[in-house]
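Survey of secondary and tertiary structure
Spelled out from the first residue to the last, the chains are:
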Amino acid sequence: MNGERRGWPRWMGRWSMLVCVWVLVARLPAHAATAVTSWSWYAEAEQATVESPMAIGWDGAASACGYVTSPLHEQGGATLVFSVPSSGDYWLWARGMGLELYQNSFWVSVDGGAAIKFEIPPFGGSWTWGWEAVHPAHEPVVPYSLSAGAHTITFGARESRA
């Protein structure tokens, strides 16, 4: 891994579009004072089931060279399926990059539940790649309570080129 931010892997690169590249699901031990995982799963965005007009794009600067984006506001999505080994609280992380303040957000839904507005902030004062915990915009980061077994996470287009 090429570095760490808040204890999670990151890869820095520049891109011309807002993208969601990696999703990481991790379970933290109840006694953990730092971000040490007892279990984790990750997937690249290009492994998702993609709903048009969201599409998969390729570029060497992206993690594993892929990303997803939608050219249209509020249209398209990318869904990943994952399984957790036991019931508990899990933290969802996404690696992404926004172009600017009005091209930096997705709708995110877990298991078909109510979608939250998820914003990817600038990292280090720049619109560049970074890891961010998946949480409602302008609200505290809290874990998702998941039962053992299969789950879905869907990133829906909110802003064009997201």
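Residues numbered from 1 in each chain as written. Predicted model: local features only at pLDDT ≥ 70, side-chain atom pairs only at ≥ 80, totals over all residues. Heavy atoms only, no water.

**Notes on the overall build of the protein**
Looking only at helices and strands, one finds 0 helices and 14 strands in the protein. Starting at the N terminus and ending at the C terminus, the protein contains elements arranged as β-β-β-β-β-β-β-β-β-β-β-β-β-β. The buried share of the protein, taken over its 162 residues, is 46%. For the protein, the exposed area adds up to about 7600 Å²; of that, 54% sits on carbon and sulfur atoms. (Helix = DSSP H or I, 4+ residues; strand = E, 2+ residues; numbered from the N terminus. Buried < 20%, exposed > 50% of the residue type's maximum accessible area, 1.4 Å probe, protein only. Areas by Shrake-Rupley, 256 points an atom, 1.4 Å probe, with all protein chains shown as cover.)

**Description of the nonpolar core**
One recurring pattern in soluble globular proteins: nonpolar side chains tend to sit buried together. Of all hydrophobic cores here, the largest spans 27 residues; its most connected members are Val108, Val134 and Ile153. Of all the secondary structure elements, the ones that give two or more residues to this core are β4 (39-44), β8 (77-84), β9 (88-97), β10 (105-110), β11 (116-119), β13 (144-146) and β14 (149-157). Broken down by element, this core gets its largest block of residues, 4 residues, from β8. (Core = buried A, V, L, I, M, F, W, Y, C linked by side-chain atoms within 4.5 Å.)

**Re the packing of aromatic side chains**
Across all of its chains, the model carries 2 aromatic pairs by this definition. An angle of 85 degrees between the planes, with centres 5.8 Å apart, marks the rings of Phe106 and Phe155 as edge-to-face. With a gap of 49 residues between them, Phe106 in strand β10 and Phe155 in strand β14 connect regions that are remote in the sequence. Overall, Phe106 belongs to the buried group, its relative accessible area being 0%. Taking NZ or CZ as reference, Arg158 lies 5.5 Å from the ring centre of Trp107, over its face. (Phe/Tyr/Trp six-rings, centres within 6.5 Å; stacked < 30°, edge-to-face > 60°. Lys NZ or Arg CZ within 6 Å of the ring centre and 35° of its normal.)

**Let's talk about the pairing of β8**
Bridge count for strand β5 (residues 49-51) against β8 is 3 bridges, and the pairing is antiparallel. Paired with Glu51 across the bridge in β8 is Gly77. Pairing of β8 with β14 involves 8 bridges; the strand directions are antiparallel. Within β14, the position partnered with Gly77 by the bridge is Gly156. (Pairing = 2+ DSSP bridges.)

**Observations regarding the pattern of salt bridges**
All told, the structure shown has 2 salt bridges when counted by the stated rule. Ionic pairing is found between Lys117 and Glu119, a salt bridge with its closest N-O pair at 3.1 Å. The class of Lys117 is partly exposed, set by a relative accessible area of 25%. For Glu119, a relative accessible area of 21% translates into the label partly exposed. (Salt bridge = Lys/Arg side-chain N within 4 Å of Asp/Glu carboxyl O.)

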